[in-house]
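Residue strings, one per chain:
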Amino acid sequence: MSAAARTGVERIAEAFAKTDKRAALMPYLMGGFPSLEESARIGEACIDGGADVIELGLPYSDPLADGPVIHAAGTQALAAGANLAGVLEVARALAGRVPVVLMCYANMVFAPGVEAFVERVQRSGACGLIVPDLPQGEGPEVLQACEQHGLALVPLVAPTTTPERLAAIGAQARGFLYTVSVVGTTGERRALGDRFADIVARAKASTDVPVALGFGIGTPEQAAQAADAGADGVIVGTRLVRAAGEAEDPAGAVGVLVGELAAGLTSTDQRAAS
């Protein structure tokens, strides 16, 4: 069955099932940063480096979940003219190789109309949506539209999510359960590994879909710690976006980092070497 013939939900499930790493590697990139063309090249470099799933950010003026590095990247992308159409072309360029999940905000979904927005995302080849400011139980039409178009509506849970709410979110999760490792916004942290096991175990007990750990993971060691804790996927964003902003060759720099993260998720020996 071709990529086009499979639903987004099916493609995401396949990516988790078929990865040759101890956890699926899921780099985040900001669409349109440093430019639309360069963000597509960064995505290709991520895939060449070992990415299993790409999380593609849609720049937004008020990104409540983004820390300063990703927020600044989104601001620069908007100033350079990035918009939904352009970012969906980036998704289209990458989606034939790995599943692409679009990270956006609720106003971006509702303003053009839920059905119209979800249909455009599906036509781009993207496999799902992450909408961090769409609480569980609100906006049921978004879930319905995603279900109709075969897209995964990926929810987020935090260390502070109550057991009752965690169970409700986990039961409705599609694609994977985005499990936030810390309280706060995105960004690099120094020491997190001692918290991962409890956070991952709690999330896995609530759902049948894979659990992907994100926020604060930026090194091969931390990625390996997430896999050690039982995470099915590891999401890395700020470290890669920072590299894209600092390097003369953004795609090359990000590709090297993704390769190092992939090595850290491949074997104990590689993890020790990193």
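Residues numbered from 1 in each chain as written. Predicted model: local features only at pLDDT ≥ 70, side-chain atom pairs only at ≥ 80, totals over all residues. Heavy atoms only, no water.

### Quick notes on the environment of Gly237
Assignment of secondary structure puts Gly237 in the loop between β9 (233-236) and α11 (238-246). Considering only alpha carbons, one finds Gly237 and Glu55, 182 residues apart in sequence, at a separation of 8.6 Å. Among residues more than four places away in sequence, those in contact with Gly237 are Tyr28, Ile70 and Ile217. (Helix = DSSP H or I, 4+ residues; strand = E, 2+ residues; numbered from the N terminus. Contact = heavy atoms within 4.5 Å.)

### Focus on the confidence of the model for the protein
Detail in the predicted coordinates should be disregarded across regions flagged by low pLDDT. With 91% of its residues at a pLDDT of at least 70, the protein reaches an overall mean of 91. Here residues 184-189 is modelled with pLDDT under 50, and outside its nearest four sequence neighbours on either side it reaches 24 contacts, counting other chains as well. A low-confidence stretch, residues 270-274 (pLDDT under 50), is modelled with 8 contacts involving residues beyond four sequence positions or located in other chains. (pLDDT = per-residue confidence, 0-100.)

### Examining the sheet that holds strand β5 (residues 152-154)
Taken in spatial order, the 9 strands of this open sheet run β5-β4-β3-β2-β1-β9-β8-β7-β6, and their pairing is parallel. Since the sheet does not close on itself, it has two edges, and those belong to β5 and β6 (156-157), each with one partner. In the sheet, strand β2 (residues 54-57) pairs with strand β3 (residues 100-103) via 4 bridges, with the strands oriented parallel. Its bridge partner lying in β3, Leu56 is registered against Leu102. Along the sheet, helix α2 (residues 36-49) makes contact with β1 (24-30) and β2, crossing β1 at roughly 170°. (Pairing = 2+ DSSP bridges. Axes fitted to C-alpha atoms, helices over the stretch in contact; angles between N-to-C directions.)

### Brief notes about the pattern of salt bridges
Pairs may arise between side chains of opposite charge once their charged atoms sit close together. Within this structure, the stated rule accounts for 13 salt bridges. Two residues, Arg6 and Glu14, come together in a salt bridge whose shortest N-O distance is 3.2 Å. Judged by relative accessible area, Glu14 falls into the partly exposed class, the value being 29%. Here Asp232 and Lys204 are joined by a salt bridge, their closest N and O atoms 3.4 Å apart. Placement of the pair is Asp232 in the loop between α10 (220-228) and β9 and Lys204 in helix α9 (residues 193-204), with a sequence separation of 28 residues. Using a relative accessible area of 35% as the deciding quantity, one classes Lys204 as partly exposed. One network of salt bridges, in which partners are shared, links Arg6, Glu14 and Lys18. (Salt bridge = Lys/Arg side-chain N within 4 Å of Asp/Glu carboxyl O. Buried < 20%, exposed > 50% of the residue type's maximum accessible area, 1.4 Å probe, protein only.)

### What to know about the nonpolar core
In terms of nonpolar packing, the biggest core is built from 97 residues, with Ile54, Leu56, Leu102, Phe117, Leu129 and Phe176 touching the most fellow members. With 7 residues, the top contributor of residues to this core is helix α4 (residues 84-95). Beyond its immediate stretch of four places on either side in the chain, Ile54 contacts Pro27, Leu29, Gly43, Cys46, Ile47, Leu94, Val98, Pro99, Val100 and Val101. (Core = buried A, V, L, I, M, F, W, Y, C linked by side-chain atoms within 4.5 Å.)

### With respect to the pairing of β1
Two faces belong to every sheet, and in a regular strand the side chains alternate between them. Burial of β1 is extensive: 7 of the 7 residues sit out of reach of the surface. Because side chains alternate across β1, one face comprises the buried residues Ala24, Met26, Tyr28 and Met30, and the other comprises Leu25, Pro27 and Leu29, equally buried. In the sheet, β1 pairs with β9 via 4 bridges, with the strands oriented parallel. Within the sheet, the bridge partner assigned to Met26 lies in β9 and is Ile235. Bridging between β1 and β2 involves 3 bridges; their strand directions are parallel. Residue pairing across strands places Met30 opposite Gly57, the latter belonging to β2.

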